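The chain contents come next:
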Amino acid sequence: MSDPYAATAGAYDLFNAAARAGQMDALRAWLPLVGPRTGPVLDVGAGSGLNVAEVLERVPGVEVLALEPSAAMRSLLLTRIAARPDWYSRVTVRPEDFFSAPLPQQIGGAVLLGVLGHFDPGERLALLAELADRLPVGGAALIDLQAPESPRRIEPFEFTAASVGQLTYKVIGEAWPHEGEVMRWRMSYLTLEGERVLVEETTEHRYRHPAVNDVVQEATSVGLALERLGQSTFWMLRKVQA
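What you are looking at is a predicted structure, and each value in this text was computed from that prediction instead of being measured.

Asker: Quick rundown of helix α2 (residues 12-30)? Include the residues and the values.
Answerer: Along its 19 residues, α2 runs just 23 Å from first to last C-alpha, ending more than 12% under the 27 Å computed at 1.5 Å per residue. The largest bend in α2 comes to about 65°, at Ala18. All of the buried residues along α2 are Phe15, Asn16, Arg20, Gln23, Met24, Ala26, Leu27 and Trp30.

This is the structure in structure tokens:
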């Protein structure tokens, strides 16, 4: 099977730059809840390793288990780690998805950004139960529920990620409601020299946008409390009972 993230991996950190400030605010709210003595931090869908790096930098002594099934994204993550030999003993990068990877019995915290929409309702409940089983009481997982909050038509929108030297990197996206909580997204990643398109890669994928109340009920059923961080799309899942 082709790698669905190969197109975005070419300039992922540039494409993600506009969202990074919000992600960092959410990480800063979550990091004080990480318990390094309880177990490793689990990063599900670790991508290019931006969040892995923040955890390793900001939580002394913590270990990280990063799951990234995409070979293209995993190469970015390992390149980031390669520049820091002092991290080698503290981070493990596995190529499996959440339900395929061997997970530790206990974790000190978890990050799942841009991930929850890949799981159907049954898988989502199973994932939440697995997290609840491994987190300490008071421990937390950081998730996001990506906009829109419920499926609707998204007309084509364009944003410039960055201009680097003589080239510009741009994204064009649009989406349609598909079925139930699922939306169909089409994303085009362009590299331009002026108006000339040097590279254009388009991908389509389906992503779930579950109702907040559904996620609240699922979390509550396994002993987790869902708490929104301000008015953002980021949420904290806290373990409230053993």
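Next comes the rest of the write-up.
Asker: Go over the packing of aromatic side chains, please, and point to the residues and values.
Answerer: Enumeration over the complete set of coordinates arrives at three aromatic pairs. Taking 5.0 Å as the distance between ring centres and 45° as the angle between the ring planes, the aromatic pair formed by Phe15 and Tyr189 counts as tilted. Placement of Phe15 in helix α2 and of Tyr189 in strand β8 (residues 182-193) is noted, with a sequence separation of 174 residues between them. The exposure class of Phe15 is buried, given its relative accessible area of 11%. With centroids separated by 5.8 Å and ring planes inclined at 80°, the aromatic side chains of Phe99 and Phe119 adopt a geometry described as edge-to-face. Residue Phe99 is located in the loop between β3 (91-94) and β4 (109-112), and its partner Phe119 is located in the loop between β4 and α5 (121-134); the two are separated by 20 residues in the primary sequence. With a relative accessible area of 10%, Phe119 lands in the buried category. Taken together through their ring pairs, the aromatic side chains of Phe98, Phe99 and Phe119 make up a single cluster. One Lys or Arg, Arg184, reaches over the ring of Trp176 and ends 4.3 Å from the middle of that ring.

Asker: Can you break down empty space enclosed by the protein residue by residue, with the values?
Answerer: Enumeration according to the criterion identifies one cavity of 30 Å³ or more in this entry. For the largest cavity, the calculated volume is near 40 Å³. Surrounding the largest cavity, Leu145, Gln146, Pro148, Glu149, His209, Pro210 and Val212 form its lining.

Asker: Outline the pattern of salt bridges, listing residues and values.
Answerer: Under the definition given, this model contains 19 salt bridges. Here Glu54 makes a salt bridge to Arg58, at a shortest N to O gap of 2.4 Å. Of the two residues, Glu54 and Arg58 both sit in helix α3 (residues 50-58), four residues apart, roughly one turn of that helix. With relative accessibility at 19%, the residue Glu54 sits in the buried group. Taking the shortest distance from any N to any O, the salt bridge between Arg186 and Glu174 comes out at 3.6 Å. With Arg186 in strand β8 and Glu174 in strand β7 (residues 167-179), the pair connects residues that are twelve residues apart, well separated along the chain. The partly exposed category is assigned to Arg186, whose relative accessible area is 30%.

Scoring rules and cut-offs
Residues numbered from 1 in each chain as written. Predicted model: local features only at pLDDT ≥ 70, side-chain atom pairs only at ≥ 80, totals over all residues. Heavy atoms only, no water. Helix = DSSP H or I, 4+ residues; strand = E, 2+ residues; numbered from the N terminus. Expected span 1.5 Å × (residues − 1). Bend = angle between axes of the 7 residues up to and from the residue. Buried < 20%, exposed > 50% of the residue type's maximum accessible area, 1.4 Å probe, protein only. Phe/Tyr/Trp six-rings, centres within 6.5 Å; stacked < 30°, edge-to-face > 60°. Lys NZ or Arg CZ within 6 Å of the ring centre and 35° of its normal. 1 Å grid on protein atoms, 1.4 Å probe; cavity = no way out; pocket = protein on both sides within 12 Å on 5 of 7 lines; lining within 4 Å. Points joined across faces, edges and corners; volume = space filled by probe spheres on them. Salt bridge = Lys/Arg side-chain N within 4 Å of Asp/Glu carboxyl O.

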